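Chain by chain, the residues:
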Amino acid sequence: MLGLGRFTAAGCVGPPRGLTRDAARAVFPEGVEAVEGDFAEPASLKPVLEGVRSLFLVSRLGPDADILEASRQAGVEHVVLVLSITVQTHPHLGPAGENLAVEQLLKASGMAWTILRPTQFASNALMWAASIRGRETVHAPYAETALPTIHPADIASVARVALTEPGHRGRTYALTGPEPVTARQQVEAIAAALGREVPFAEISRRQAHAQMAAVFGPETADAVLDVTGEDVNHELSTVRDTVSRITGTPARPFRQWASENADAFR
């Protein structure tokens, strides 16, 4: 589900729309109009995009070239695109190259653009939810690698400002959380939110690759492990003040995300 807004540079001129494949099941905040469509089928977007002036888009949810062309033809003026910080830190990796290609498509489209490049999502920790609910040991590689994990709500907050306030068109923002956090510390934060111990054990790259490749494929598994382990660089681990600078509110720490989402691990 992605946001579509009837905005201009001066602000909102109509209720925002939330795109979903099933409006009957969608849950949006009050005041958001649920509309049905599917980015995997760009032809379904024509009625959805009618009257829309700004679009919040996550890359690679469908044929991006067709999605952007449908948006342009519908009269969309501004796209806020969410990619990944690996576009600038690890451009040699396959997924990063694919994201960069989408960015270039948007810049060549003729529409105004704002690019958001977040680091590791706090919500990636949900991959451990089944193990924690089952009171099993959490296994992860590179237990002491610390990345400035970002709360997804901070990405949304920056996107809201970029969509509704002037001064953000033609800008690229790298987004991080307020501090580097290791996998071990993330599990400790979840344990604190649950009020019980959660066992943790570090595993080898080979073991982690076998598990991830079965779900995401070997290329993606290699890319993720390169980013989070052996190929971590200073640019990737650097904490940035972008969230607080744009929104006026400090970035949320991982422990806040863990507390807010503790029920997913119970």
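Note that the coordinates shown come from a computational prediction; the quantities given were computed from them, not determined experimentally. In this numbering scheme, every chain counts its residues from 1 along its sequence in written order. Predicted model: local features are reported for residues with pLDDT of at least 70 only, side-chain atom pairs are reported and counted for 80 or more only, and whole-chain, interface and lining totals are derived from all residues. Remark: hydrogens and water are excluded; side-chain values derive from all non-hydrogen atoms of the structure.

What follows concerns unusual backbone geometry. Non-glycine residue R60 carries a positive phi angle of around 65°. Where helices and strands are cited, they refer to DSSP runs of H or I of at least four residues and of E of at least two residues respectively, numbered from the N terminus. Relative to the assigned elements, R60 resides in the loop between β6 (54-58) and α1 (64-74). Non-glycine residue Y142 carries a positive phi angle of around 50°. Residue position: Y142 is located in the loop between β9 (138-140) and β10 (146-147).

This next bit is on helix α7 (residues 205-216). When the terminal C-alpha atoms of α7 are compared, their 15 Å separation across twelve residues agrees well with the 16 Å that a helix rising 1.5 Å per residue should span. Immediately beyond the C-terminal end of α7, within one or two residues, lies G217, with a positive phi of roughly 95°. Under the convention used throughout, the expected extent of a helix is 1.5 Å for every residue step, that is, one less than its residue count.

Turning to the packing of aromatic side chains, a few remarks are in order. Working definition: rings of Phe, Tyr and Trp (its six-membered ring) pair if their centres are within 6.5 Å, and the pair is stacked with planes under 30 degrees apart, edge-to-face with planes over 60 apart, and tilted otherwise. For the structure shown, the criterion picks out two aromatic pairs. For the ring pair F254 and W257, a centre distance of 5.6 Å and an interplane angle of 35° mean the geometry is tilted. Within this pair, F254 and its partner W257 are both found in helix α11 (residues 254-260), separated by three residues, close to a single helical turn. Given a relative accessible area of 4%, F254 falls into the buried group. In this scheme, a residue with accessible area under 20% of its type's maximum is buried, one over 50% is exposed, and one in between is partly exposed, where area comes from a 1.4 Å probe on protein chains only. Residue W257 is classed as buried on the basis of its relative accessible area of 3%.

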